[in-house]
Amino acid sequence: MTDKSMNTVDTSRVDTSRRNLLKGGAAAAIITLAPGVTLQTVQAAVTGPVTSAKRWGMLIDATAPEGVWDLAVDACKAEQGWGKDKDDANPATDPQWIRKVSIKDPKTGAKASLPVMCQHCANPPCVDVCPTGASMKREDGIVLVDKHICIGCRYCMMACPYSCRSFVHEDVRGQKQHMPRGKGTVESCTMCVHRVDKGQKPACVEALNKAGSNAIMFGDLNDPNSDISRAVSKYVTQRIRADLGVEPGVHYRGI
Amino acid sequence: MRSASRILSLTILGFVLVAFGIGSGLLATSAQAGEVPLPKPAKAFKGEQCVEPTDVMRRNHFEFLKHQRDETLREGVRGNKYSLNECIDCHAVTSPDVAGGKVRTLKPFCAECHAYAAVSIDCFQCHTGAALPDAKQSALPADHADKAMITALQKHLDKGAKQ
């Protein structure tokens, strides 16, 4: 047995092997075997790799009261560590992972307000154009930038039909431990991949839920029993610029 | 004229080298005169043993980190053995040079050898090198005990399987 196989004790699946059961039992027994010794973290089970069995998506209700979108934007800033105080902000160039957009039909005067962020396309143009392979789509549909190999050429920003990628022009300080950010790379909404992998919801969704709003739904579009799949099959939803055929994972209601 | 200035500069260089040799001889007795003193990376904040033996970590830490970063970011594999955040958890220490000694960072550990070996890569232009403020010091690394126990049990079971 190698170290690697020892590390991949998977607790999510039912395992009938007596040997693995013993191994799992040993890891749990340590805690009781050594009283007085406080272990800060118990060895976390290895999860992944993610598969295309899941397709993470969002459903945004544009008929929700306009004020909730500010909550979502603020939650994203706080979670991911972008956004600056008004005093040192450079609005023309500062990164925007999510923004509030107001629209108005000039003929009828009907108005709506909606948040726009990376649409996590199934056929993402940003991935097609990336010269280094930094712009990438995970198997479960989340589109990310691998900043380790991003050279900051900004082709993806040109290619994105939703203008959802931002370039970091200035030095960054105070990054979050789960979200490295650096000057000279491109970044965008990660659908809070660090939270999703832990089974949590993205920060914007959670902030709205806390405020009693369900204006952004998050879930697995491939699972017919998930809340989001039911909602998508119940209501008429649309995706921005669906004519482009990029198959976004973010659906909207009421626009 | 040219040769005179060359002699002058060589003399100055000689003086500097001799002065440096005396200085470093006083500071580090192990270093030979004129040699750059060996790096002294900071001792770990907590724990007695890393995820691999020290010599393996010294030689291969970058391979481990690079391999795992690709798995984590691109495939979504979480909870693997070599994690940069766990490096920070154990090895980040306070230093008067960094943030007035208020924050635990990896600088006194990583930068020491990287400067010696002229390694220019710096994870911490983007990653934060600062430890989470609520982490407490403990005698053991986070999962040292269970790993040791699992290894022992594994050996025991493997021995049984062969018989």
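Residues numbered from 1 in each chain as written. Chains lettered and ligands numbered in written order. Predicted model: local features only at pLDDT ≥ 70, side-chain atom pairs only at ≥ 80, totals over all residues.

**A short note on the overall build of chain A**
Heads up, the rule is: Helix and strand definitions follow DSSP, with helices as H or I runs of at least four residues and strands as E runs of at least two, each counted in order from the N terminus. In this description, a residue-residue contact is defined by the distance between C-beta atoms placed from the backbone, which must lie within 7 Å.
For chain A, the count of helices and strands is eight helices and nine strands. Considering only contacts in chain A between residues 6 or more positions apart, those separated by 24 or more positions represent 61%.

**Digging into the overall build of chain B**
Here is the rule: Any residue with 12 or fewer other C-beta atoms within 10 Å of its own C-beta is exposed, any with 20 or more is buried, and the rest are partly exposed; the C-beta atoms used are placed from the backbone.
Along its length, chain B carries five helices and zero strands. Secondary structure of chain B in N-to-C order comes out as α-α-α-α-α. Of all 163 residues assigned to chain B, the portion counted as buried reaches 20%. Put simply, 52% of the contacts in chain B that link residues at least 6 apart link residues at least 24 apart.

**Some thoughts on the environment of K43(B)**
Residues and elements named next belong to chain B. Mapped onto the elements of the fold, K43 is located in the loop between α1 (2-27) and α2 (54-75). What makes K43 exposed here is the crowd of 9 C-beta atoms within 10 Å. With 20 residues separating them in the primary sequence, K43 and E63 have C-alpha atoms 22 Å apart.

**Section: the pairing of strand β3 (residues 111-117) of chain A**
Residue and element names in this part refer to chain A. As a reminder of what qualifies: Any two strands with at least two DSSP-identified bridges between them are counted as paired.
Where strand β2 (residues 98-104) and β3 come together, seven bridges link them in antiparallel fashion. Counted as the bridge partner of V101 is L114 from β3. Count of turn residues in the β2/β3 antiparallel hairpin: six residues, of which G109 carries a positive phi of about 80 degrees.

**Notes on the nonpolar core**
Definition in use: Residues enter a nonpolar core if they are buried, belong to Ala, Val, Leu, Ile, Met, Phe, Trp, Tyr or Cys, and are joined to the set through C-beta atoms within 7 Å.
In this structure, I60(A), A72(A), C76(A), I98(A), C204(A), L208(A) and I216(A) are the most contacted members of the largest nonpolar core, which totals 48 residues. No other element matches the six residues that helix α3 (residues 68-80) of chain A contributes to this core. Excluding residues that lie within four positions of it along the chain, I216(A) makes contacts with M58(A), I60(A), A72(A), C204(A), V205(A) and L208(A). In terms of nonpolar packing, the next biggest core, distinct from the first, is built from twelve residues, A92(B), V93(B), A111(B) and A130(B) among them.

**Comments concerning helix α7 (residues 203-210) of chain A**
Owing to its 3.6 residues per turn, the α-helix brings residues three or four apart onto one side. Residue and element names in this part refer to chain A. Within α7, burial applies to A203, C204, V205, A207 and L208. For α7, the elements touching its buried residues are α3, β2, α6 (193-196) and β8 (216-220). Two residues or fewer past α7, G212 is found with a positive phi of approximately 80 degrees.

**Things to note about α3(A)**
Residue and element names in this part refer to chain A. Counted only if it meets this: A helix's residues, less one, multiplied by 1.5 Å, set its expected span. When we speak of the arc, we mean the arc of directions from the helix axis to the C-beta atoms.
Given a rise of 1.5 Å per residue, 13 residues ought to cover 18 Å, and the 19 Å separating the end C-alpha atoms of α3 matches this to within 8%. Three or more residues of α3 are buried, namely V68, W69, A72, V73, A75, C76, E79 and Q80. For α3, the arc enclosing every buried residue in end-on projection is 160 degrees, short of the 170-degree limit, so these residues lie on one face.

**Here we look at the pairing of β8(A)**
Residue and element names in this part refer to chain A. The buried fraction of β8 is high, at four of five residues. As paired strands, strand β1 (residues 56-61) and β8 are joined by five bridges and run antiparallel to one another. Opposite G57, over in β8, you have G219 as the bridge partner.

**As for unusual backbone geometry**
Residues and elements named next belong to chain A. The omega angle of the peptide bond from G48 to P49 is 0 degrees, so this bond is cis rather than trans. Positionally, P49 belongs in the loop between α2 (18-33) and β1. The backbone phi angle of E247 is positive, close to 55 degrees, even though this residue is not glycine. Along the polypeptide, E247 turns up in the loop between α8 (227-234) and β9 (250-253). With 15 C-beta atoms counted inside 10 Å, the residue E247 sits in the partly exposed group.

**Section: the sheet that holds β9(A)**
Residues and elements named next belong to chain A. Keep this limit in mind: Between the N-to-C directions of two axes lies an angle of 0 to 180 degrees, each axis being a line fitted to C-alpha atoms and, for a helix, fitted only over the stretch in contact.
Ordered in space as β8-β1-β9, the three strands form an open sheet in which the pairing is mixed. For this open sheet the edge positions go to β8 and β9, each flanked by a neighbour on one side alone. Taken pair by pair, the neighbouring strands of this sheet meet at an average axis angle of 20 degrees, ignoring direction.

**With respect to the confidence of the model for chain B**
All names here are of chain B. Using the following cut-off: Per-residue confidence from the predictor is reported as pLDDT, a score between 0 and 100.
Overall, the predicted model of chain B reaches an average pLDDT of 75, with 64% of residues at or above 70. No element of chain B has a lower mean pLDDT than α1, at 52, and none a higher one than α2, at 93. Note that residues 21-31 has pLDDT below 50 and, in this model, ten contacts with residues that lie over four places away or in other chains. Confidence drops under a pLDDT of 50 for residues 138-142, and excluding neighbours within four residues, the segment shows 16 contacts in the predicted structure.

**Comments concerning the confidence of the model for chain A**
Mean pLDDT over chain A works out to 86, with 83% of the residues at or above the 70 mark. Considering only residues more than four positions removed or in separate chains, one finds that residues 1-42 of chain A, a stretch of pLDDT under 50, has 47 contacts.

**A few points about the packing of α3(A) against α7(A)**
Residues and elements named next belong to chain A. Spelled out, the test is: Put simply, angles under 35 degrees are roughly parallel, angles over 145 are roughly antiparallel, angles from 65 to 115 are roughly perpendicular, and the rest are oblique. Throughout, a crossing is termed right-handed when the near helix is turned clockwise from the far one, and left-handed when it is turned anticlockwise from it by less than a right angle. Residues are grouped as follows: Ala, Val, Leu, Ile, Met, Phe, Trp, Tyr, Cys and Pro are nonpolar; Asp, Glu, Lys and Arg are charged; all remaining types, including Gly, are polar.
Where α3 meets α7, the closest approach of the two axes is 8 Å, and the angle between their N-to-C directions is 130 degrees. Taken together, the axis directions place α3 and α7 in an arrangement best described as oblique. For the element pair α3 and α7, the recorded crossing hand is right-handed. Here V68, L71, A72, A75, C76 and E79 of α3 lie close against α7, whose contacting residues are A203, C204, A207 and L208. Among the residues making up the contact of α3 with α7, the classes are represented as nine nonpolar, no polar and one charged.

**Considerations on the environment of M179(A)**
Residue and element names in this part refer to chain A. Checked against the element boundaries, M179 lands in the loop between β6 (166-167) and β7 (186-187). You can call M179 partly exposed: it has 18 C-beta atoms within 10 Å. Through-space distance from the C-alpha of M179 to that of K198 is 15 Å; in sequence the pair is 19 residues apart. Ignoring anything within four residues of it in the chain, the contact list for M179 reads Q80 and G81.

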